[in-house]
Amino acid sequence: MEPEFDDPELTRAVAVLAQARRVCVLTGAGVSAESGVPTFRASDGLWEGHRIEDVATPSGFRKDPGLVWKFYNARRANVKAVSPNPGHHALRAMEDRWGGGFTLVTQNVDGLHKAAGSRNVLEIHGSLHRTRCLGCGEVQDRGLEPLADHPLCECGGRLRPDIVWFHESLPEDIWEQALRAADACNVLLVVGTSAVVHPAASLIPVAKRRSSWNNVRPGATVIEVNLTRTEASEYADVGLYGPSGRVLPELVDRLSS
Ligand code: APR
């Protein structure tokens, strides 16, 4: 079968990656789409039929925590039923190649990169696996077992998903690490994200050195992997437009041959 992405672009991507000492990857919902996890902004996506204000903001949670937990419990049940796809596995294989020079920054909260064996993963938007107590602040890994619609902590406090909602800040230490990785990389691979949500998407101009973060070294080469062009495309030096579950394994194969 013919690849759906442009072959000369793939050759360029392989050449650039083969020279890179440090690689940073930014993933979004698209990388998990082929596992069966819905993306957000597609016509049948997660935000279709849900108001972001109701299920993904602190005020929505204050207003109706039961509704929010219903939404997140449904997402947790969905993710429990799926597995990493070849795109996740290819990114794990890339980490084997670059070791400590490889950082995977993900906006996804599904844990599928870790399930595929990726180790240096920065979950900048939190995780469906974890809860946080609004009373004592304790963060707990609960896996993906079903939780009640109004789960409580042992201290009696109300639990919320340990997810970064709209109008909230990213976890500072993890975001700092992501910025450092984007700043230091030779190649930034942007996979399966519409790149419309900030600050996550600002890692792209940071890597490219079109931001004021640091202007000392030359910018990274940006490779975009997506079904379509996105807000990231204006920064992309190489565009691989096809499903990440096919494009990424192809990249890894060509890199190792
Ligand atoms: N392969 C590659 N890309 C794909 C695939 C696929 N198989 N399927 C979908 N895509 C692309 C879409 O073309 C789109 O550009 O994935 C992207 C998904 O975009 P969004 O739904 O906007 O998801 P994401 O970019 O991860 O959203 C960012 O917004 O809603 C918040 O916090 C949430 O982390 C999320 C953030």
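What you are looking at is a predicted structure, and each value in this text was computed from that prediction instead of being measured.

Analysis parameters
- Residues numbered from 1 in each chain as written.
- Predicted model: local features only at pLDDT ≥ 70, side-chain atom pairs only at ≥ 80, totals over all residues.
- Heavy atoms only, no water.
- Helix = DSSP H or I, 4+ residues; strand = E, 2+ residues; numbered from the N terminus.
- Buried < 20%, exposed > 50% of the residue type's maximum accessible area, 1.4 Å probe, protein only.
- Contact = heavy atoms within 4.5 Å.
- Lys, Arg positive; Asp, Glu negative; His and termini not counted.
- Salt bridge = Lys/Arg side-chain N within 4 Å of Asp/Glu carboxyl O.
- Polar contact = N/O pair within 3.5 Å; in protein donor to acceptor, adjacent residues only side chain to side chain.
- Pairing = 2+ DSSP bridges.
- Axes fitted to C-alpha atoms, helices over the stretch in contact; angles between N-to-C directions.
- Near = heavy atom within 4 Å.
- Areas by Shrake-Rupley, 256 points an atom, 1.4 Å probe, with all protein chains shown as cover.
- 1 Å grid on protein atoms, 1.4 Å probe; cavity = no way out; pocket = protein on both sides within 12 Å on 5 of 7 lines; lining within 4 Å.
- Sits in = over half its atoms within 2 Å of the grid points.
- Phe/Tyr/Trp six-rings, centres within 6.5 Å; stacked < 30°, edge-to-face > 60°.
- Domains from an automatic or database assignment.
- Buried area = accessible area lost by both parts, 1.4 Å probe.
- Nonpolar A, V, L, I, M, F, W, Y, C, P; charged D, E, K, R; others polar.

Novice: Lay out the environment of Cys 185 with the relevant residues and their values.
Specialist: By the secondary structure assignment, Cys 185 is in the loop between helix H8 (172-184) and strand S7 (187-191). Take Cys 185: its relative accessible area is 4%, and that puts it in the buried class. As a C-alpha pair, Cys 185 and Leu 134 span 51 residues in sequence and 37 Å in three-dimensional space. Setting aside residues up to four positions removed in sequence, Cys 185 forms contacts with Arg 22, Val 23, Cys 24, Ala 207 and Ala 220.

Novice: Which residues make up the pairing of strand S2 (residues 102-106), and what values go with them?
Specialist: The buried fraction of S2 is high, at 5 of 5 residues. The alternating pattern of S2 places Phe 102, Leu 104 and Thr 106 on one face and Thr 103 and Val 105 on the opposite face, and all of these are buried.

Novice: I'd like to hear about the side chain of Asp 110, residue by residue, with values.
Specialist: Following the sequence through the fold, Asp 110 ends up in the loop between S2 and helix H7 (112-115). Within the buried set, Asp 110 has no salt-bridge partner at all; the shortest N-O distance to an opposite charge, 7.0 Å, is to Arg 75. Within polar-contact distance, the side chain of Asp 110 engages the side chain of Ser 32 at 2.6 Å. Among the polar contacts listed, one links the side chain of Asp 110 to the backbone nitrogen of Leu 112, at a separation of 2.9 Å.

Novice: Could you give me a rundown of the sheet that holds strand S3 (residues 121-123), with the residues and numbers involved?
Specialist: Sheet architecture is open: 6 strands sit in the order S3-S2-S1-S7-S8-S9, paired in parallel fashion. Looking at the sheet topology across the chains shown, the edges are occupied by S3 and strand S9 (238-241). Averaged over all neighbouring strand pairs, the angle between strand axes comes to 15°, with direction disregarded. As paired strands, strand S1 (residues 23-27) and S7 are joined by 5 bridges and run parallel to one another. Each residue of the ladder has a partner; that of Val 25, found in S7, is Leu 189. Helix-sheet contacts for helix H10 (residues 244-256) involve S7, strand S8 (221-226) and S9, and the interaxial angle to S7 is about 155°.

Novice: Tell me about the site of the ligand, residues and numbers included.
Specialist: Around the ligand, 23 residues are found, and the nearest of them are Glu 34, Arg 41, Thr 193, Ser 194 and Asn 226. Residue Glu 34 places a side-chain N or O atom 2.7 Å away from a nitrogen atom belonging to the ligand. Residue Phe 40 places a main-chain N or O atom 2.8 Å away from an oxygen atom belonging to the ligand. Within the complex, the protein chains bury 90% of what would otherwise be the 740 Å² of accessible surface of the ligand. If you map the ligand onto the pockets, it falls in the largest pocket.

Novice: Quick rundown of unusual backbone geometry? Include the residues and the values.
Specialist: Cis rather than trans, the peptide bond between His 198 and Pro 199 has omega equal to 15°. If you trace the backbone, Pro 199 turns up in the loop between S7 and helix H9 (203-208). Positioned with a positive phi, His 167 is a non-glycine residue whose angle comes to about 75°. Relative to the helices and strands, His 167 resides in the loop between strand S6 (159-163) and H8. One non-glycine residue, Ala 195, lies in the positive phi region at around 55°. Within the secondary structure, Ala 195 sits in the loop between S7 and H9.

Novice: I'd like a rundown of the packing of aromatic side chains, residues and numbers included.
Specialist: Within a pair of aromatic rings, the relevant descriptors are the distance that separates the centres and the angle that separates the planes. By the definition in use, this model includes 4 aromatic pairs. When the centroid spacing of 5.4 Å and the interplanar angle of 40° are considered together, the rings of Phe 61 and Trp 165 count as tilted. Linking Phe 61 in helix H4 (residues 58-63) with Trp 165 in the loop between S6 and H8, this pair joins segments that are 104 residues apart in sequence. Here a set of aromatic residues connected by ring pairs shows up, and it is made of Phe 61, Phe 71, Tyr 72 and Trp 165.

Novice: Tell me what's going on with the pairing of S8, and back it up with residues and numbers.
Specialist: Burial analysis of S8 places 5 of its 6 residues in the buried class, which makes it a mostly covered element. Two elements, S8 and S9, share 4 bridges in a ladder whose sense is parallel. Within the sheet, the bridge partner assigned to Glu 224 lies in S9 and is Gly 239.

Novice: Could you give an account of the domain arrangement of the protein, naming the residues involved and the relevant values?
Specialist: Segmenting the protein into domains produces domain 1 (7-37 + 84-125 + 170-256) and domain 2 (46-81 + 131-163). Residue-level contacts link 5 residues of domain 1 with 5 residues of domain 2. Of the roughly 390 Å² buried at the junction of domain 1 and domain 2 (both faces included), carbon and sulfur atoms supply 63%. If you look at where domain 1 meets domain 2, you find 0 salt bridges. Between the two partners, domain 1 and domain 2, sit 1 residue pair in polar contact (both at pLDDT 80 or more). Looking at the side of domain 1 that touches domain 2 residue by residue, the class counts come to 2 nonpolar, 2 polar and 1 charged.

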